[in-house]
Amino acid sequence: MSEEMVAKNEITQKEDYSKSLKGMKIRRYFSTEGISPMDKLDWETRIAKIVNEKKEIIFEQTDVEMPVTWSQMATDVVVSKYFKGKMNSPERESSLKQLISRVVATITRWGVDGGYFQTKEDGKVFADELSTLILDQRVAFNSPVWFNVGVEKRPQCSACFINSVEDTMESIMDLAKTEGMLFKFGSGAGSNLSPLRSSFEEMSTGGYASGPVSFMKGYDAFAGVIKSGGKTRRAAKMVILNADHPDILEFIDCKLHEEKKAQALIQMGYDPSFNGEAYSSIFFQNANHSVRVSSDFMKKVEDDSEWNTLAITDRSVIGTMPARKLMDKISYAAWATGDPGLQFDTTVNEWHTCPNSGRINASNPCSEFMFLDDSACNLASLNLLKFLHEKTQQFDRKAFRTAVRIVLLAMEILVDNASYPTEKIGINSRKFRPLGLGYANLGALLMSLGLPYDSDGGRAYAASVTALMHGEAYRTSAEIASLKGAFEEYEINREPFLRVMHKHAEAINSIDSTLLPPEMLNEIRELYTEMLVLGKAHGFRNSQVTVLAPTGTIAFMMDCDTTGIEPDIALVKYKKLVGGGQLKIVNKTVSRALKHLGYDESTSQAILEYIQKNDTIEGAPGLENEHLAVFDCALKPFNGDRSIQYMGHIKMMAAVQPFISGAISKTVNMSNDITKEEIATTYSKAWNLGLKAIAIYRDGCKASQPLNTKQDKEKKNPESAVAPRKIKRVLRKKLPDERAAITHKFSIGGHEGYITVGMYKDGSPGEIFVVMSKEGSTISGLMDAFATSISLALQYGVPLKVLVRKFIHMRFEPSGFTPNQQIPIAKSIMDYIFRWLAFKFLPSDELGQSANMDEIEGNKSMGETEEENEFPSSFAESASNALHEMEIPSGSTHAGNGNGNGNGNGNSHSKLNKVDSMLQQIQHEEQLVAINQSDAPVCIECGAIMVRNGSCYRCLGCGSTSGCS
């Protein structure tokens, strides 16, 4: 008998049994009968505290009851974000028990009232199971559930929204109102503005329409105002335009043109920080932008054929251009600003379960929820690492599937009991009941299993886990449908719905069975067979069930090492201590991985100590070279060269996409030296691999954006391209014995120093001296040698803009905040020095060019003599006055090691230790930002610099996010 026949017999028996039931039977798996889930953990009283970058306390609650197993970071985030009630009042929640009880009890009551459980006892078991999953940090709902459930009678429970707009002024204004209300309550929204007439089309009353980009300015300004007054976090927004819209070129370039304005304002001295005057004065800074492209467009790009833009009113041809030229425009804008991304419209709608009800036009801000216009999705995420047995290193598939069933049922119960911002969204949410179950900690899971993130084995395992979640979620949805009925619009979409279910099932064949335990893939196939048989018999309760969200704040709640589908960000993490401060530790996943790979205890300990000391595993004693890839992370370590390349991220997305109802929130980070051609190739590969959407971010793109350089123009000149290069004799131009000089004081992450620049008579720089405070003789010597080499380079005619290009974005310690408004964050001393030199000495029209020089040529006008005059080898005498002013004792060194003392009492025995203590808590966050991007926004809650998380940002200081989870 075939597997399908066996499954059919089992389903028939279940059908006969279920006909007499009114709800679902819930059996205990995680909880124990007679024992409260709260009593299974040890609890302690803590202080929850959030401080800003100035060490000012912005939130503090004492006597908070938390499980011993939860970290201090999880405590701070949960208490500050999710505990309800006025501070210092009896109504204020003071224990995690109260928070979990509030949410779980409310959902359970709704489930009982809605007839979801066979008996009241099943409801109690459900409550115990869900509570245990949350307490064990195996799962967390999206933030609106924690904000609102049990507080409001009809709470807003969804984090993701898609809004429609029509080509009428009333609809355009209604969209602004709807978005404003969503932002106010901490949710994100996306819209496709393609229905709006283009600026090339006439209006019935005369004249031409404004076009969508004009209205985007109003929407953007509105979002910018609401973000600072929001209840929970800054506004999250997605704006989409179809590739065939007549205003597509204006849409592609709109952020690029605004970036030019910002750079001009920064050069004039305006505050360049994300919330500063420069960026606050320009448009389009409060939304992600994406272009919707069809497969027809992508094929035309490959064929280099013509592409037409079409009128909105009558679909007549408005303009024609080569499709490849349009892709070049998109790629260049993404290279320069990070936007726009691409959404592959044909692929999205080929996997659409409800096409007879309407097509998918848009997504939420982070691009993981893609469904009908005017729809919403509530999210929840599973912590994958919690399902890996520490001793056996086996993934507990039964526990995982049981958790999926419980959580999906809870999410389904929320649908009818939640409120929605518009009547349309409320109607569609109840008609289609889309859900967004996902996961976090994939990167940590793979490393623990000894699987490189960028490997066939890693991708096969990720695909199988995703398929297991997806199949069980739809199986549970079909089970609920057998008792409660399918979603309202299922029958008119039955045929395409089942077609998509079969596409998911067929995708299992693409997973390489040789890279997995054989029983794992067999179980997945059996699961999908059961899901299909049950679904054909009863339909499905939910139109969608899974997405992969960025899991920002809730990843902190679950103490995840990695978020969403992301790999580990670095091997070293900083653990927040109960009394304040941080402790530098090697990620726990490293030791688990070493054990899984067969290393003995002594070798593992030596490797861990090496990582602790060097912040990298490269060169660790006893580590086999073949295992290095297992420990590759998203970011290149300070003292190493390895990291996951961008195609590794794209291939991982492609491996799991066939087992996701929606899409994947992930920004593909690229190095600063990536080209626009490589970005265009990346977009094409993403389409060919079957992704639904992709966004890229080039490291430091906004801080070093080259715009229409003179050199670019010269390259386009065919004569200059073929002209023979003249070999020039490079001569040294000495500075006069008496020369003008300026001295600039700087501070990077609390490390102070001075830059002195000697100048030629024309004001151009000819020598530099650098002195660092409290850094010791070794660092002083190195800086002297470095300054000498740069000075010689300048005197031998190396253009300053070439040196700037070579040294900006270098990454090493110290790094972090600076008091210089033009350079708010420095990735290193070198990064700061050369960015300062650029602002001080390069003409405004060369600031962008400095990042785009391809070759170094001698400057004939600067050459006067060939004399090898000796350059001063030390700056000690020149710096004596500065050192005296700083009152630095002779021979003093910086004693901080960044490890923290763990007592948080602030007592110090020296001024240096006080400085270390003060800087320690934000040091790691600054390092990550300096590596990840130099133009990240400031957290509106605590003032720390945020880091990229999927397509959004999250704050490592207080847990806030700019996204929708």
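All of the points below concern the structure found in this document. (Residues numbered from 1 in each chain as written. Predicted model: local features only at pLDDT ≥ 70, side-chain atom pairs only at ≥ 80, totals over all residues. Heavy atoms only, no water.)

### Digging into the packing of aromatic side chains
By the definition in use, this model includes 26 aromatic pairs. When the ring of Phe297 is compared with that of Trp307, the centres are 5.1 Å apart and the planes differ by 75 degrees; the resulting orientation is edge-to-face. A residue pair is termed long-range when its members are at least 10 positions apart, and Phe297 in helix 10 (residues 295-303) and Trp307 in strand 8 (residues 306-310) qualify at 10 residues. Consider the rings of Phe497 and Phe540, whose centres lie 5.0 Å apart with planes at 20 degrees: the pair is stacked. Of this pair, Phe497 sits in helix 17 (residues 494-506) while Phe540 sits in the loop between helix 18 (518-538) and helix 19 (553-557), placing them 43 residues apart in sequence. Across this residue pair, the class does not change: Phe497 and Phe540 are buried. By the ring-pair criterion, three or more aromatic residues cluster together here, those being Phe369, Phe371, Phe432, Tyr474, Phe487, Tyr490, Phe497 and Phe540. (Phe/Tyr/Trp six-rings, centres within 6.5 Å; stacked < 30°, edge-to-face > 60°. Helix = DSSP H or I, 4+ residues; strand = E, 2+ residues; numbered from the N terminus. Buried < 20%, exposed > 50% of the residue type's maximum accessible area, 1.4 Å probe, protein only.)

### Digging into the nonpolar core
Counting residues in each nonpolar core, the largest one holds 198 residues, and the members touching the most others are Phe126, Phe141, Leu382, Phe395, Phe400 and Tyr461. Broken down by element, this core gets its largest block of residues, 13 residues, from helix 13 (residues 397-417). Apart from residues lying up to four places away in sequence, Phe126 is in contact with Ile26, Ile107, Thr108, Phe117, Ile406, Leu409, Ala410 and Ile413. Membership of the second largest hydrophobic core comes to 33 residues, among which are Ile755, Met772, Ala826 and Ile833. (Core = buried A, V, L, I, M, F, W, Y, C linked by side-chain atoms within 4.5 Å. Contact = heavy atoms within 4.5 Å.)

### Remarks on the side chain of His809
Mapped onto the fold, His809 is located in the loop between helix 27 (800-807) and strand 22 (816-817). When its relative accessible area of 8% is taken as the criterion, His809 is described as buried.

### Some points on the pairing of strand 5 (residues 188-192)
For strand 5, the tally of buried residues reaches five of five residues, placing the bulk of the element in the interior. Residues of strand 5 alternate between two faces, with Gly188, Gly190 and Asn192 on one and Ala189 and Ser191 on the opposite face, all of them buried. Judged from the four bridges that link them, strand 4 (residues 160-163) and strand 5 form a sheet pairing that is parallel. Looking across to strand 5, one finds that Phe161 is bridged to Ala189. Pairing analysis gives five bridges linking strand 5 to strand 6 (residues 236-242), with the strands arranged parallel. Counted as the bridge partner of Gly190 is Met238 from strand 6. (Pairing = 2+ DSSP bridges.)

### Quick notes on the environment of Ala440
Note that Ala440 resides in strand 14 (residues 435-440). Filtering out sequence-adjacent residues up to four positions away, Ala440 remains in contact with Leu382, Asn383, Leu384, Thr551, Met558, Cys560, Thr562, Thr563 and Gly564.

### Re the pattern of salt bridges
The full count for this structure, using the stated rule, is 35 salt bridges. Between Asp167 and Arg197 there is a salt bridge; the shortest N-O distance is 2.5 Å. Here the residue Asp167 occupies a position in the loop between strand 4 and helix 6 (169-184), and Arg197 occupies one in the loop between strand 5 and helix 7 (212-229), the gap between them amounting to 30 residues. With a relative accessible area of 27%, Asp167 lands in the partly exposed category. With a closest N to O distance of 3.0 Å, Asp244 and Arg315 form a salt bridge. Of this pair, Asp244 sits in the loop between strand 6 and helix 8 (248-267) while Arg315 sits in the loop between strand 8 and strand 9 (317-322), placing them 71 residues apart in sequence. (Salt bridge = Lys/Arg side-chain N within 4 Å of Asp/Glu carboxyl O.)

### A few points about the packing of helix 4 (residues 120-135) against helix 13
Axis separation between helix 4 and helix 13 bottoms out at 10 Å; the angle between their running directions is 110 degrees. Regarding the angle of helix 4 to helix 13, the classification is roughly perpendicular. Taking contact as the criterion, the partners of Phe126, Glu129, Leu130 and Leu133 in helix 4 are, on helix 13, Ala403, Ile406, Val407, Leu409, Ala410 and Ile413. The class makeup of the residues in the contact of helix 4 with helix 13 is nine nonpolar, no polar and one charged. (Axes fitted to C-alpha atoms, helices over the stretch in contact; angles between N-to-C directions. Parallel < 35°, antiparallel > 145°, perpendicular 65-115°, else oblique. Nonpolar A, V, L, I, M, F, W, Y, C, P; charged D, E, K, R; others polar.)

### Comments concerning a negative patch on the surface
Where like charges cluster on the molecular surface, the negative patch consists of Glu302, Asp303, Asp304 and Glu306. Looking at the secondary structure, you find Glu302 in helix 10. A relative accessible area of 41% means that Glu302 is categorised as partly exposed. (Patch = residues over 30% accessible without salt bridge, like charges linked within 9 Å, V, L, I, M, F, W, Y side chains within 5 Å. Areas by Shrake-Rupley, 256 points an atom, 1.4 Å probe, with all protein chains shown as cover. Lys, Arg positive; Asp, Glu negative; His and termini not counted. Charge placed at Lys NZ, Arg CZ, Asp CG, Glu CD.)

### Description of unusual backbone geometry
Geometrically, the link from Asp339 to Pro340 is a cis peptide bond, its omega value of 5 degrees lying close to zero. Mapped onto the elements of the fold, Pro340 is located in the loop between helix 11 (323-337) and strand 10 (341-344). If you check the backbone angles, Asp63 has positive phi at about 55 degrees while not being a glycine. By the element assignment, Asp63 lies in strand 2 (residues 57-67). A residue is classified by how much of its surface remains accessible, and Asp63, at 58% relative accessible area, is exposed. The phi angle at Ser367 is positive, at roughly 75 degrees, despite the residue not being glycine. Turning to its location among the elements, Ser367 is positioned in the loop between strand 11 (362-363) and strand 12 (370-371). With relative accessibility at 7%, the residue Ser367 sits in the buried group.

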